[in-house]
Protein chains: 2
Amino acid sequence: MALIVKKFGGSSVKDYERVMNVARIITDTYKQGNDVIVVVSAQGDTTDDLIAKAAEITSKPQKREMDVLQSAGETISASLLAMACQEMGYPAVSLLGWQAGFQTSSAYGAARIKGIQTERLRRELDRKNIIIVAGFQGLCKYDDVTTFGRGGSDTTAVALAAALHADRCKIYTDVEGVYTCDPRKVPGAVKLDEITYDEMLELATLGAQVLNNRSVEMAKKYNVEMEVLSSYSNKPGTIVKEKIAMEKMLVRGVTKDADCARLSIVGVPNVPGMAFKIFSKLAARNINVDIILQSVGRDDLKDITFTVARAHADEAVAILHALDLTANAKIIKDTSVAKVSAVGAGMESHPGTASKMFEALYEAGINIQMIATSEIKISVLIEQDKADLAVAAVHKAFFPEG
Amino acid sequence: MALIVKKFGGSSVKDYERVMNVARIITDTYKQGNDVIVVVSAQGDTTDDLIAKAAEITSKPQKREMDVLQSAGETISASLLAMACQEMGYPAVSLLGWQAGFQTSSAYGAARIKGIQTERLRRELDRKNIIIVAGFQGLCKYDDVTTFGRGGSDTTAVALAAALHADRCKIYTDVEGVYTCDPRKVPGAVKLDEITYDEMLELATLGAQVLNNRSVEMAKKYNVEMEVLSSYSNKPGTIVKEKIAMEKMLVRGVTKDADCARLSIVGVPNVPGMAFKIFSKLAARNINVDIILQSVGRDDLKDITFTVARAHADEAVAILHALDLTANAKIIKDTSVAKVSAVGAGMESHPGTASKMFEALYEAGINIQMIATSEIKISVLIEQDKADLAVAAVHKAFFPEG
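Worth saying up front: this structure is predicted, and the values here are computed from it rather than measured.

S.K.: Quick one: what's the story with the overall build of chain A, residue by residue and with numbers?
M.R.: Each helix and strand in chain A was counted, giving 11 helices and 20 strands. Taken over the C-alpha trace, chain A has a radius of gyration of 24 Å; the compact-globule value for 402 residues is 21 Å, and the two agree within 12%. Considering only intrachain contacts with a sequence separation of at least 6, the fraction spanning at least 24 residues in chain A is 75%. For chain A, the accessible area works out to roughly 17700 Å², and carbon and sulfur atoms hold 49% of it.

Here it is, written out as structure tokens:
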């Protein structure tokens with residue numbers, strides 16, 4: 001007998017058939033003698049529909065009220081799923097965020113979980129109830145409903161698993177696990193049996209979009225073993241944990257992130273403090289800078305190039321112009337770029353990984369504009385039109401059997 | 001400066017335009033310097049849509065989960081209305097039932113309000129916030145969401161007005177007040193300026209459908225002055241209170257209730273205890289009996305005739321058959337009947353009211369099947385096809401100027 005936390009996303013409960021399917025998955029686990037806590041997101045497009053209702057009324061909705069509004073989506077799906085389990089003959093109870101004991105910061109729309117008061121949860125488990133928790137919502141110190149932002153239901157699940165020392169936290173999605181590449185685009189993509197938290201974090205940041213990043217960070221912090229699997233098939237998924245068994249694969253995944261723009265300042269005065277001046281202004285406006293490249297100074301001028309999320313490109317350009325660098329400084333924006341990355345804890349101790357990646361790109365005739373590396377990741381910035389080709393080439397180099 | 005409670009039904013907030021209209025009504029009152037608490041129902045068909053979702057899953061939904069599910073409807077409308085007030089430049093805050101302090105019994109689906117903890121409400125009033133309360137929901141001792149049943153938002157409003165000693169409780173509907181008759185059917189219908197709680201209760205029971213009965217009972221108990229008015233026009237409505245000014249009108253309203261059936265048991269043994277035997281069995285199955293008529297016994301047999309709600313007719317007939325009265329007893333069901341009533345506190349001291357009503361019916365050629373009277377009401381049971389004609393005739397007799 002184990003305590004299992006399961007999380008189902010919005011598409012997994014989008015209509016009657018999917019709700020009943022999820023209820024079958026839940027009750028199958030329950031009838032094997034396990035304690036089961038389920039976290040559920042809002043059905044299908046419910047959250048978008050609610051946001052659209054607010055958008056009719058105001059272009060600047062108050063975040064507190066948006067949280068109240070959006071919490072209704074999970075309230076609906078949680079109660080329906082409890083009814084579905086009951087209809088199959090099993091005891092179930094829905095709990096909203098405040099009932100499940102989620103205490104959060106009062107950062108409406110992006111609240112942080114501060115703790116979980118587990119009395120009610122334990123009481124319902126003692127009563128042998130299947131617990132259906134409305135995901136992504138909690139209660140702040142002002143007794144207001146808060147939400148954790150998009151993807152917050154993953155975080156709800158991991159937090160519950162951590163607080164109750166669950167044996168496993170299963171995240172059900174519409175893919176069968178974590179792949180070395182996007183399986184819809186790269187035919188040779190391989191499903192991974194296991195992956196480390198750090199690798200998963202790099203993959204998520206780079207656009208793999210399987211797990212919400214905050215949930216992986218929390219799982220890493222509290223050492224919660226996660227499993228990403230499909231609610232459509234009955235196959236084992238990918239286990240995310242601290243350390244994984246000896247592994248031949250250096251690289252665990254190849255990803256593409258097209259949501260970036262490259263900004264260059266050509267002709268910056270070659271004096272100390274310029275980088276600080278530029279990047280502190282961007283940081284003050286919450287613009288994250290990713291890859292940074294600074295030319296070796298020639299004469300009294302140098303060039304600084306960096307990437308930002310595409311949505312921030314215009315604002316960043318405006319900030320750069322306002323800096324009033326020199327009359328000759330030129331600011332160039334390029335949004336036709338993409339970042340392709342290879343991720344894997346194994347590459348830390350294998351210096352050949354980078355050259356293997358560069359070779360694959362060279363053979364595919366792709367020019368590398370910028371390079372960034374970390375212990376478990378190599379990223380290159382390339383022309384956007386060639387991103388899919390690049391992903392396929394790099395993937396083929398690391399997974400020739402795929 | 002006064003404290004005003006306003007309640008808006010589902011049709012008053014059914015879409016963007018109606019929500020903005022209600023926000024204008026609310027903020028107009030607020031900007032005149034009043035404290036404003038608003039109770040809102042779920043938008044348009046939301047509650048029906050949610051019930052339909054549950055019905056797909058199960059034919060016997062657990063009441064606890066139905067309450068969680070339905071509470072989402074008011075959660076949505078309350079947050080949207082708060083946003084609309086904010087968009088117009090006024091401070092507003094939505095409160096769900098548990099946040100507004102509604103403590104209820106744990107009779108899910110039909111919970112009774114046990115009390116209101118007013119701390120949060122008073123705090124928000126002190127902050128000069130317009131408070132938007134999600135109607136028809138509360139919290140029971142198990143920390144579960146409960147609902148008050150259909151029409152419960154009226155009760156929410158009256159309870160708030162009573163707990164906070166509000167100066168007025170305004171119930172906005174899609175009619176302009178309480179009429180002497182249904183204005184859509186009887187051209188001479190007159191809008192009443194004032195009506196007593198007791199008259200309102202009789203009119204509501206008889207199918208006037210303007211106010212939820214529980215809310216009027218509560219208003220009477222706590223002496224809360226209510227006003228029924230339209231959210232579509234800007235006219236004064238009808239005030240409901242304990243005593244009203246001297247009034248020439250004996251009769252305050254004429255109503256029709258077609259939701260009834262007449263059951264007769266012909267040939268009941270003329271022995272003591274028969275009525276008890278029959279009506280206690282019906283009461284045990286929660287079947288309310290309205291008008292009762294017992295013939296004067298002839299020989300050893302008598303007849304008993306009574307009316308029940310039409311939905312209960314078949315079940316009542318089955319209960320009567322199960323009683324095994326005598327071999328000769330005959331049970332007759334007639335669903336082609338309607339009840340027409342004249343209501344008015346003034347008739348208590350005016351014995352001529354009944355004869356005036358009977359005369360009007362006689363002149364219209366309508367046969368009276370049964371009669372029931374109370375201090376402030378005269379009801380007759382007649383053929384259903386003639387009900388509208390009867391209402392018009394009786395109304396004309398009491399309101400010749402109409």
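S.K.: Now, about the environment of Val133 of chain B: what can you tell me, with residues and values included?
M.R.: Residue and element names in this part refer to chain B. Relative to the helices and strands, Val133 is located in strand S6 (residues 130–134). Residues Val133 and Val38, spaced 95 residues apart in sequence, show a C-alpha to C-alpha distance of 5.9 Å. Setting aside residues up to four positions removed in sequence, Val133 forms contacts with Ile37, Val38, Val39, Val40, Leu95, Ala100, Phe102, Leu121, Thr156 and Leu160.

S.K.: Any chance you could break down the state of the cysteines for me, citing the residues and the numbers?
M.R.: All names here are of chain A. Summed over the entire model, instances satisfying the criterion amount to 0 disulfides over all chains. Its sulfur unpaired, Cys181 is 16 Å from the next cysteine sulfur, which belongs to Cys260. On the basis of relative accessibility, which here comes to 5%, the residue Cys181 falls in the buried class.

S.K.: Which residues make up the sheet that holds strand S19 (residues 370–374) of chain A, and what values do they have?
M.R.: Residues and elements named next belong to chain A. What the 4 strands build is an open sheet, ordered S13-S18-S20-S19; its pairing is antiparallel. Sheet topology places strand S13 (253–257) and S19 at the edges, where each strand pairs with a single neighbour. Looking at each pair of strands side by side, their axes are set apart by 20 degrees on average, direction ignored. Bridge count for S13 against strand S18 (residues 337–343) is 5 bridges, and the pairing is antiparallel. Looking at the pairing, Thr255 lines up with Ser341 of S18. Set on the sheet, helix H10 (residues 352–363) makes contact with S18, S19 and strand S20 (377–383); between it and S20 the angle comes to about 20 degrees.

S.K.: Give me the lowdown on the relation of the copies chain A and chain B, citing residues and values where you can.
M.R.: Note on the identical chains: chain A maps onto chain B by a rotation of 179 degrees and an axial translation of 0.0 Å, with an RMSD of 0.1 Å. Both copies are brought into coincidence by an operation consistent with a two-fold rotation axis. Residue Ala72 of chain A of chain A places its C-alpha closer to the rotation axis than any other residue of that unit, at 2.5 Å. Both copies contact each other with a shared surface, as 100% of the interface residues of chain A are interface residues in chain B too.

S.K.: Can you explain helix H5 (residues 152–163) of chain A? Please cite residues and give values.
M.R.: Residue and element names in this part refer to chain A. Taking 1.5 Å as the rise per residue, H5 with 12 residues should run 16 Å; its terminal C-alpha atoms sit 16 Å apart, in good agreement. For H5, the set of buried residues is Gly152, Ser153, Asp154, Thr155, Thr156, Ala157, Val158, Ala159, Leu160, Ala161 and Ala162. Of the residues one or two after H5, His165 is the one with positive phi, at around 50 degrees.

S.K.: Any chance you could break down the interface of chain A and chain B for me, citing the residues and the numbers?
M.R.: Each partner contributes to the interface: chain A provides 42 residues, whereas chain B provides 42 residues. Between chain A and chain B, roughly 3300 Å² of surface is buried when both sides are summed, and carbon and sulfur atoms account for 63% of that area. Our enumeration of links across chain A and chain B arrives at 2 salt bridges. Residue Arg120 of chain A pairs with Asp144 of chain B through a salt bridge whose shortest N-O separation is 2.6 Å. Put simply, the parts of the chain that give the side of chain A that touches chain B at least two residues each are helix H1 (16–31), helix H2 (46–57), helix H3 (63–87) and strand S3 (92–95) of chain A. No other element matches H3 of chain A, which puts 16 residues into the side of chain A that touches chain B. The class makeup of the residues in the side of chain A that touches chain B is 24 nonpolar, 10 polar and 8 charged.

S.K.: Which residues make up the packing of aromatic side chains, and what values do they have?
M.R.: A full pass over the atoms with the stated rule returns 9 aromatic pairs over all chains. Between Phe8 of chain B and Tyr172 of chain B, the aromatic rings sit 4.4 Å apart at their centres with planes inclined by 15 degrees, giving stacked as the arrangement. Of this pair, Phe8 of chain B sits in strand S1 (residues 3–8) while Tyr172 of chain B sits in strand S9 (residues 168–173), and the two are 164 residues apart along the sequence. Phe8 of chain B sits in the buried class, given a relative accessible area of 0%. Assessed through its relative accessible area of 5%, Tyr172 of chain B is described here as buried. For the cation-ring pair, Arg18 of chain A lies above Tyr232 of chain A, with the distance from its terminal atom to the ring centre recorded as 3.6 Å.

S.K.: Residue-level account of the nonpolar core, with values.
M.R.: Counting 75 residues, the largest nonpolar core has Ile26, Leu81 and Ile132 of chain A together with Ile26, Leu81 and Ile132 of chain B as the members making the most contacts within it. Those residues in contact with Leu81 of chain B that sit more than four places away from it in its chain are Val19, Val22, Ala23, Ile26, Val38, Val40 and Ile132 of chain B.

S.K.: Explain unusual backbone geometry to me, and be specific about the residues and the numbers.
M.R.: Glycine aside, the phi torsion of most residues is negative, and most peptide linkages are trans. Phi at Phe136 of chain A is positive, roughly 65 degrees, even though this residue is not glycine. Mapped onto the fold, Phe136 of chain A is located in the loop between strand S6 (130–134) and strand S7 (137–139). Of the residues examined, Phe136 of chain A reaches a relative accessible area of 6% and is grouped as buried. A positive phi angle is found at Asp143 of chain B, which is not glycine, with a value near 65 degrees. Its place among the elements puts Asp143 of chain B in the loop between strand S7 (137–139) and strand S8 (145–147).

Rules used in this analysis
Residues numbered from 1 in each chain as written. Chains lettered and ligands numbered in written order. Predicted model: local features only at pLDDT ≥ 70, side-chain atom pairs only at ≥ 80, totals over all residues. Heavy atoms only, no water. Helix = DSSP H or I, 4+ residues; strand = E, 2+ residues; numbered from the N terminus. Rg over C-alpha atoms; globule rule 2.2 N^0.38 Å. Contact = heavy atoms within 4.5 Å. Areas by Shrake-Rupley, 256 points an atom, 1.4 Å probe, with all protein chains shown as cover. Disulfide = S-S within 2.5 Å. Buried < 20%, exposed > 50% of the residue type's maximum accessible area, 1.4 Å probe, protein only. Pairing = 2+ DSSP bridges. Axes fitted to C-alpha atoms, helices over the stretch in contact; angles between N-to-C directions. Least-squares fit on C-alpha atoms with pLDDT ≥ 70 in both. Expected span 1.5 Å × (residues − 1). Buried area = accessible area lost by both parts, 1.4 Å probe. Salt bridge = Lys/Arg side-chain N within 4 Å of Asp/Glu carboxyl O. Nonpolar A, V, L, I, M, F, W, Y, C, P; charged D, E, K, R; others polar. Phe/Tyr/Trp six-rings, centres within 6.5 Å; stacked < 30°, edge-to-face > 60°. Lys NZ or Arg CZ within 6 Å of the ring centre and 35° of its normal. Core = buried A, V, L, I, M, F, W, Y, C linked by side-chain atoms within 4.5 Å.

Treat this as a map of the structure, not an account of what it does.
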